[in-house]
Amino acid sequence: MLPIVIDCGQVVSDREKHLNFYFYENVVFGSWFTATVKSNQAGSELWVATFHQASSAEAKRMVKNYGLIREHK
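Residues numbered from 1 in each chain as written. Predicted model: local features only at pLDDT ≥ 70, side-chain atom pairs only at ≥ 80, totals over all residues. Heavy atoms only, no water.

> Give me the lowdown on a nonpolar patch on the surface, citing residues and values where you can.
Nonpolar side chains collect at one region of the surface, where Met1, Ile4, Val27, Val28, Phe29, Val48 and Phe51 lie side by side and expose about 660 Å² of accessible area between them. For Met1, the location among the structural elements is in the segment before helix H1 (2–8). Look at Met1 and you get partly exposed, because its relative accessible area is 32%. (Patch = residues over 30% accessible without salt bridge, like charges linked within 9 Å, V, L, I, M, F, W, Y side chains within 5 Å. Areas by Shrake-Rupley, 256 points an atom, 1.4 Å probe, with all protein chains shown as cover. Salt bridge = Lys/Arg side-chain N within 4 Å of Asp/Glu carboxyl O. Helix = DSSP H or I, 4+ residues; strand = E, 2+ residues; numbered from the N terminus. Buried < 20%, exposed > 50% of the residue type's maximum accessible area, 1.4 Å probe, protein only.)

> Let's hear about the side chain of His18: which residues, and what values?
One can find His18 in strand E2 (residues 18–25). Aside from chain neighbours lying at most four places away, what touches His18 is Val12, Ser13, Thr36, Val37 and Lys38. (Contact = heavy atoms within 4.5 Å.)

> Could you give me a rundown of the pairing of strand E4 (residues 46–54), with the residues and numbers involved?
Examined bridge by bridge, strand E3 (residues 31–39) and E4 share eight bridges and lie antiparallel to one another. The partner of Lys38 across the bridge, within E4, is Trp47. Joining the antiparallel neighbours E3 and E4 is a turn of six residues, in which Gly43 adopts a positive phi near 75°. (Pairing = 2+ DSSP bridges.)

> Would you mind going over the pattern of salt bridges in detail, with residue names and values included?
If you walk through the whole model with that rule in mind, you get one salt bridge. Salt-bridge contacts for Arg15 lead to Asp14; the nearest nitrogen and oxygen are separated by 3.7 Å.

> Can you lay out the packing of aromatic side chains for me, pointing to particular residues and giving the numbers?
A complete count under the given rule lists two aromatic pairs for this structure. Taking 6.0 Å as the distance between ring centres and 20° as the angle between the ring planes, the aromatic pair formed by Phe33 and Phe51 counts as stacked. Of the two residues, Phe33 sits in strand E3 while Phe51 sits in strand E4, which places them 18 residues apart along the sequence. Its relative accessible area of 7% is what places Phe33 among the buried residues. (Phe/Tyr/Trp six-rings, centres within 6.5 Å; stacked < 30°, edge-to-face > 60°.)

> I'd like to hear about the pairing of E3, residue by residue, with values.
Counted residue by residue, E3 has seven buried out of nine residues, so it is predominantly covered. Relative to E3, E2 runs antiparallel, the two being bridged by eight bridges. Across the sheet, the residue bridging to Glu25 is Ser31, located in E3. The hairpin turn running from E2 into E3, its antiparallel successor, is five residues long, and Gly30 in that turn takes a positive phi close to 65°.

This is the structure:
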């Protein structure tokens, strides 16, 4: 699921060098997934900081508080 979440999820940035991806998967899981990717100080590496299921309330709150960078595909 991680590649799908990153490729198709909506994107929010809640702090510098962090991107949060939110993806709703209805068919199999019926829930949201979230992945947070961060870069190192030099911007030369990316690291997956978190990957877990999330609530729709969390996804809405993040978009409301931080704005949407990319729409859900």
